[in-house]
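# Inside the fold
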Amino acid sequence: MRVIIQRVTKATVTVGEEEISSIGRGLCVLLGVSVEDTQKDADYIVRKILNMRLFEDESGRAWTKSVMDRDFEVLCVSQFTLQCILKGNKPDFHSAMPAELAQPFYSSILENMRTSYKPELIKDGKFGAYMQLQIQNDGPVTVELTSPTGPSDPRQLSKQEKQHQRKEKTRSKGPSESSREKGGVRSRQDPNASSGADGDVSSERET
């Protein structure tokens, strides 16, 4: 699951000429459900949306309060295009959950939010409709979130996620194994090179 969270001073959703929902200060959340999402993904995203500290406290200290701490509103809008994968220049949305499955799943996410917070402060767009969304971003502050149990296709992983995976793999090997691997690489590259304990002996001889 992927979400775009924006801190806003106000946001409005309209369909045609009809205003569907509007909020004052709070969060506008664009939410894209993937075919691989489960209840675990939904619980993670709801918890982060409601508890992420994107607001200042009463004394003006930044990044200390959540939307719940400040009794602000949340406007959620379902957006399957967040699951886009580009094929050349053409967007492909096969990673998005089909509408007939996504609608009840999305509704359960909203219900989870209302149960966890104040139901009257959780607003919604109109699922499946062609909507116009007016957002007055505050800051601007925009955060992108991906649920950790979401799609694991390398093509869909961000560069940051790939780097994190490499770090975790290196860390799991332990220092001794990593040192042996580095030593092996050094030996293969230059059999005459120093181990590093006495400095670069080969460089000293050349000079």
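Here the structure is a predicted model, which means the values were calculated and not measured.

### Remarks on the overall build of the protein chain
If you tally the helices and strands in the protein chain, you get 5 helices and 8 strands. Helices and strands in the protein chain line up, N terminus first, as β-β-β-α-β-β-β-α-β-β-α-α-α. Taken over 207 residues, the protein chain has a buried fraction of 35%. The contacts of the protein chain with a sequence gap of at least 6 include a subset with a gap of at least 24, amounting to 70%.

### Focus on the layout of surface pockets
As a volume, the largest pocket reaches approximately 410 Å³. Forming the walls of the largest pocket are 20 residues, and the residues nearest its centre are Ser78, Gln79, Phe80, Gly128 and Met131. Listed by contribution, the elements that provide at least two residues to the lining of the largest pocket are strand S3 (26–32), strand S4 (73–78) and helix H2 (99–116). Counted by class, the lining of the largest pocket contains 15 nonpolar, 5 polar and no charged residues.

### A few points about the confidence of the model for the protein chain
Put simply, the protein chain has an average pLDDT of 83, and 72% of its residues get 70 or more. Contacts for the low-pLDDT stretch residues 152–157, under 50 throughout, to residues beyond four places or in other chains number 11 contacts. Confidence drops under pLDDT 50 across residues 190–207; counting only partners more than four residues distant or on other chains, this segment forms 5 contacts.

### Re the state of the cysteines
Applying the stated criterion across every chain yields a total of 0 disulfides. Free of any disulfide, Cys28 has its nearest cysteine sulfur in Cys76, 8.2 Å distant.

### Points about the environment of Thr81
Note that Thr81 resides in the loop between S4 and strand S5 (85–87). For Thr81, a relative accessible area of 32% corresponds to the partly exposed category. A C-alpha to C-alpha distance of 9.2 Å links Thr81 and Leu31, two positions 50 residues apart in sequence. A polar side-chain atom of Thr81 sits 3.0 Å from a polar atom in the side chain of Gln79.

### Digging into the packing of aromatic side chains
Counted according to the given criterion, the structure contains 3 aromatic pairs. Plain terms: the ring middles of Tyr106 and Phe127 are 5.9 Å apart, the flat faces sit at 40° to each other, and that makes the pair tilted. Within this pair, whereas Tyr106 is found in helix H2, its partner Phe127 is found in the loop between strand S7 (122–124) and strand S8 (132–146), the two being separated by 21 residues in sequence.

### A word on unusual backbone geometry
For the bond from Gly139 to Pro140, the omega torsion is 0°, close enough to zero to count as cis. Looking at the element boundaries, Pro140 is found in strand S8. One non-glycine residue with positive phi stands out, namely Trp63, at about 60°. Along the chain, Trp63 falls in the loop between helix H1 (39–51) and S4. Phi is positive for Asp71, close to 60°, though the residue is something other than glycine. The topology assignment puts Asp71 in the loop between H1 and S4.

### Digging into the pattern of salt bridges
Scanning the entire structure with this criterion turns up 8 salt bridges. The salt bridge partner of Arg25 is Asp138, with a shortest N-O separation of 3.3 Å. Pair noted here: Arg25 is in the loop between strand S2 (18–23) and S3 and Asp138 is in strand S8, with a separation of 113 residues, a long-range link. Overall, the relative accessible area of 26% leaves Arg25 in the partly exposed class. The partner of Lys118 in a salt bridge is Asp71, and the shortest N-O contact between them spans 2.9 Å. Taken together, the residues Lys118 in the loop between H2 and S7 and Asp71 in the loop between H1 and S4 connect sequence positions 47 residues apart. Given a relative accessible area of 42%, Asp71 falls into the partly exposed group.

Rules used throughout
Residues numbered from 1 in each chain as written. Predicted model: local features only at pLDDT ≥ 70, side-chain atom pairs only at ≥ 80, totals over all residues. Heavy atoms only, no water. Helix = DSSP H or I, 4+ residues; strand = E, 2+ residues; numbered from the N terminus. Buried < 20%, exposed > 50% of the residue type's maximum accessible area, 1.4 Å probe, protein only. Contact = heavy atoms within 4.5 Å. 1 Å grid on protein atoms, 1.4 Å probe; cavity = no way out; pocket = protein on both sides within 12 Å on 5 of 7 lines; lining within 4 Å. Points joined across faces, edges and corners; volume = space filled by probe spheres on them. Nonpolar A, V, L, I, M, F, W, Y, C, P; charged D, E, K, R; others polar. pLDDT = per-residue confidence, 0-100. Disulfide = S-S within 2.5 Å. Polar contact = N/O pair within 3.5 Å; in protein donor to acceptor, adjacent residues only side chain to side chain. Phe/Tyr/Trp six-rings, centres within 6.5 Å; stacked < 30°, edge-to-face > 60°. Salt bridge = Lys/Arg side-chain N within 4 Å of Asp/Glu carboxyl O.

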